[in-house]
Amino acid sequence: MSTQSEEPLDVERIRGEFPILERDVGDGQRVVYLDNAATSQTPDRVVDAMDDYYRETNSNVHRGIHHLSQEASLAYEEAHDRLAEFVGASGGREEMVFTKNTTEGLNLVAHGWGLRELDEGDEVVLTEMEHHSSLVTWQQIAKRTGADLKFIAVDDEGRLDMDHAQEIIGPDTEMVSVTHVSNTLGTVNPISDLADLAHEHGSYVFADGAQAVPHQSVDVEDLGVDFYAFSGHKMCGPTGIGGLYGKSHLLDAMEPFMYGGGMVRKVEFEETTWADVPEKFEAGTPPIAEGIALAEAADYLDDIGRERIDRHERDLVEYAMNRLGEFDDIEVYGPPAGERAGLVSFNLEGVHAHDLASIMNDHAVAIRPGDHCTQPLHDVLGTAASARASFYLYNTKAEVDALVEAIDDARQLFA
Ligand code: PLP
């Protein structure tokens, strides 16, 4: 680990790279942005990368002959290599498909692999804390193939019950699809242990990295996963772009998810053969500017250091948990500080999460109320909704204090 990675973040300098954080969102109030698990903000240099692309290079890819197309193609292909490297995939672009987001990565594998490989009696194992993008996708694929879904239970502290995982992952398991970090509980799941367990039974493993990749170093090879998906808009990148890592031989064997131009090798009236990965899975004109800017976002995060970002967020979440813990009328969900990633979901007794978020908004504090696309998990938690504050590299303890003050205001109003 470098010395630089030991240093705390220079948050004031970092905030200067995100002009939106200076925005007046009404009544002269500056936004306190604590909705990063939904979408993170975008630093100037990523916006500039998009801007530069449109000003200097804009052209279609797929290796046109003219200068601009050559340049755009090269930059777009290199962006795949950069994102493969960013998540520890040594195979470069052959293991990195650009998607629209994590949801598309999940759908791509569920359709491309699942529809072909799953049969009646096969089992897909998820967890009770899956995001709808995983749960609904596998649920629908299971209905179409006759496969069964099983769910690893979450214990009272918001951790996966690994004894239960041992019980339900077995010879019929074909896929274990699990979120790396829970977007509701902040739980960081033991992906390598689950991968070992799944592989012992000949199953594949898909990890949903939507809440992990932006915040911590991820190495898909160390984790031992077969597939891994993430979204650009949660990691300081643009919307409309994400990545899917897959082991090369698995992606090679999979069916395309969408058909059209750009993903073919030879087309005849009756038959078509596919281009190599990643083109095979990237039909039509791809999000070129977004892909190139995503590589810039990866550079940005690495220049700062993902260990430092992770440490900063864990520090903030610990502070937030301590502050929220001062009040008996606040229920916090998920594992204790020290074990969780930088987000916290909670409820204030007697106040619906939506009302709470609305009062927070009056204080310019942006949080997210609702089920966070984890309705079944909320059923397990015994509540329909929760309020979630989620942190990133530019957040401060003063912003956590602003959150607590806004909660206090809600408490007074509803008393
Ligand atoms: N998985 C998790 C854990 C998430 O938190 C999210 C988004 O909140 C998603 C998947 C879906 O991400 P996207 O909407 O970018 O596809």
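The structure presented is a predicted model; accordingly, all values stated were derived computationally and were not measured.

(A) Expanded view of the sheet that holds strand β8 (residues 242-246). Within the open sheet, the seven strands sit side by side as β2-β8-β7-β6-β5-β3-β4. Their pairing is mixed. Both edges of this open sheet fall to β2 (96-99) and β4 (148-152), since each of them pairs with a single strand only. For this sheet, the mean inter-axis angle between neighbouring strands, taken without regard to orientation, is 20 degrees. For strand β3 (residues 123-127) and β4, the ladder comprises five bridges, and the chain directions are parallel. Note that in β4 the partner of E123 across the bridge is D148. Relative to the sheet, helix α3 (residues 67-86) contacts β2 and β7 (227-231), its axis offset from that of β2 by approximately 110 degrees. Where helix α4 (residues 102-117) meets the sheet, it contacts β2, β5 (173-179), β6 (204-208), β7 and β8, and its direction lies at approximately 165 degrees from that of β6.

(B) The site of the ligand, seen in detail. In the vicinity of the ligand, 14 residues are found, and the nearest of them are T103, D208, Q211, S231 and H233. For the ligand, an oxygen atom lies 2.7 Å from a polar atom in the side chain of S231. Summarising the interface, the protein chains cover 88% of the accessible area of the ligand, which totals 390 Å² for the free molecule. For the shell around the ligand, a count of residues per class yields two nonpolar, 10 polar and two charged.

(C) Summary view of unusual backbone geometry. Cis geometry is found at the peptide bond from V277 to P278, where omega equals 10 degrees. By the secondary structure assignment, P278 is in the loop between β10 (272-274) and α10 (288-304). The backbone of D27 shows a phi angle near 55 degrees, a positive value even though the residue is not glycine. Relative to the assigned elements, D27 resides in the loop between α1 (11-16) and β1 (32-33). What makes D27 exposed here is its relative accessible area of 77%. Of note in the backbone geometry, C373 takes a positive phi value of approximately 60 degrees without being a glycine. In this structure, C373 sits in the loop between β14 (368-370) and α13 (375-381).

(D) Spotlight on the sheet that holds strand β15 (residues 386-390). Strand order in the open sheet formed by four strands is β11-β12-β15-β14, and the pairing between neighbours is antiparallel. Looking at strand neighbours, the two that pair on one side only are β11 (330-333) and β14, the edges of this open sheet. Taking the axes of each pair of neighbouring strands and ignoring which way they run, one obtains an average angle of 30 degrees across the sheet. Where β11 and strand β12 (residues 343-348) come together, four bridges link them in antiparallel fashion. Residue E331 lies in a different strand from β12, and its bridge partner there is N347. Each of β12, β14 and β15 touches helix α12 (residues 353-362); the most contacted strand, β14, lies at about 160 degrees to it. Across the face of the sheet, helix α14 (residues 397-414) comes into contact with β11, β12 and β15 while running at roughly 15 degrees to β12.

(E) How the structure looks around the domain arrangement of the protein chain. Here the domain parsing of the protein chain yields domain 1 (11-30 + 305-413) and domain 2 (47-302). Computed over C-alpha atoms only, the centres of domain 1 and domain 2 are separated by 28 Å. Taken together, the contact pairs 33 residues of domain 1 with 31 residues of domain 2. Put simply, E339 and R159 hold a salt bridge, and the shortest N to O gap is 2.6 Å. Mapped onto the side of domain 1 that touches domain 2, the elements with two or more residues apiece are α11 (306-324), β12 and α13. Looking at the side of domain 1 that touches domain 2, its residues break down into 16 nonpolar, seven polar and 10 charged.

(F) Quick peek at the packing of helix α2 (residues 44-57) against α3. Closest axis-to-axis distance for the α2/α3 pair is 10 Å, and the angle between their directions is 155 degrees. If you check the angle between α2 and α3, you find them roughly antiparallel. In contact with Y53, E56 and T57 of α2, α3 contributes L68, E71 and A72. In the contact of α2 with α3, the residues fall into three nonpolar, one polar and two charged.

(G) Broad picture of the pattern of salt bridges. Overall, the coordinates contain 25 salt bridges when judged by the stated rule. Across the pair R82 and E85 runs a salt bridge, and its minimum N-O distance is 3.3 Å. Pair noted here: R82 and E85 are both in helix α3, with a separation of three residues, about one helical turn. Judged by its relative accessible area of 55%, E85 is exposed. With a closest N to O distance of 3.5 Å, K150 and E123 form a salt bridge. One end of the pair, K150, is in strand β4; the other, E123, is in strand β3, and 27 residues separate them in sequence.

(H) View of the packing of aromatic side chains. The final tally for this structure, using the stated rule, is nine aromatic pairs. Aromatic side chains F18 and Y300 sit 6.0 Å apart centroid to centroid with 70 degrees between the ring planes, which places their arrangement in the edge-to-face category. Taken together, the residues F18 in the loop between α1 and β1 and Y300 in helix α10 connect sequence positions 282 residues apart. We note that F18, like Y300, is buried. A connected cluster of aromatic rings, assembled from ring pairs, spans F18, Y300, Y392 and Y394. One Lys or Arg, R306, reaches over the ring of F86 and ends 3.5 Å from the middle of that ring. The ring of F327 carries the charged tip of R411 above its face, separated from the ring centre by 4.3 Å.

Here is what the cut-offs are and how they apply
- Residues numbered from 1 in each chain as written.
- Predicted model: local features only at pLDDT ≥ 70, side-chain atom pairs only at ≥ 80, totals over all residues.
- Heavy atoms only, no water.
- Pairing = 2+ DSSP bridges.
- Helix = DSSP H or I, 4+ residues; strand = E, 2+ residues; numbered from the N terminus.
- Axes fitted to C-alpha atoms, helices over the stretch in contact; angles between N-to-C directions.
- Contact = heavy atoms within 4.5 Å.
- Near = heavy atom within 4 Å.
- Polar contact = N/O pair within 3.5 Å; in protein donor to acceptor, adjacent residues only side chain to side chain.
- Areas by Shrake-Rupley, 256 points an atom, 1.4 Å probe, with all protein chains shown as cover.
- Nonpolar A, V, L, I, M, F, W, Y, C, P; charged D, E, K, R; others polar.
- Buried < 20%, exposed > 50% of the residue type's maximum accessible area, 1.4 Å probe, protein only.
- Domains from an automatic or database assignment.
- Salt bridge = Lys/Arg side-chain N within 4 Å of Asp/Glu carboxyl O.
- Parallel < 35°, antiparallel > 145°, perpendicular 65-115°, else oblique.
- Phe/Tyr/Trp six-rings, centres within 6.5 Å; stacked < 30°, edge-to-face > 60°.
- Lys NZ or Arg CZ within 6 Å of the ring centre and 35° of its normal.

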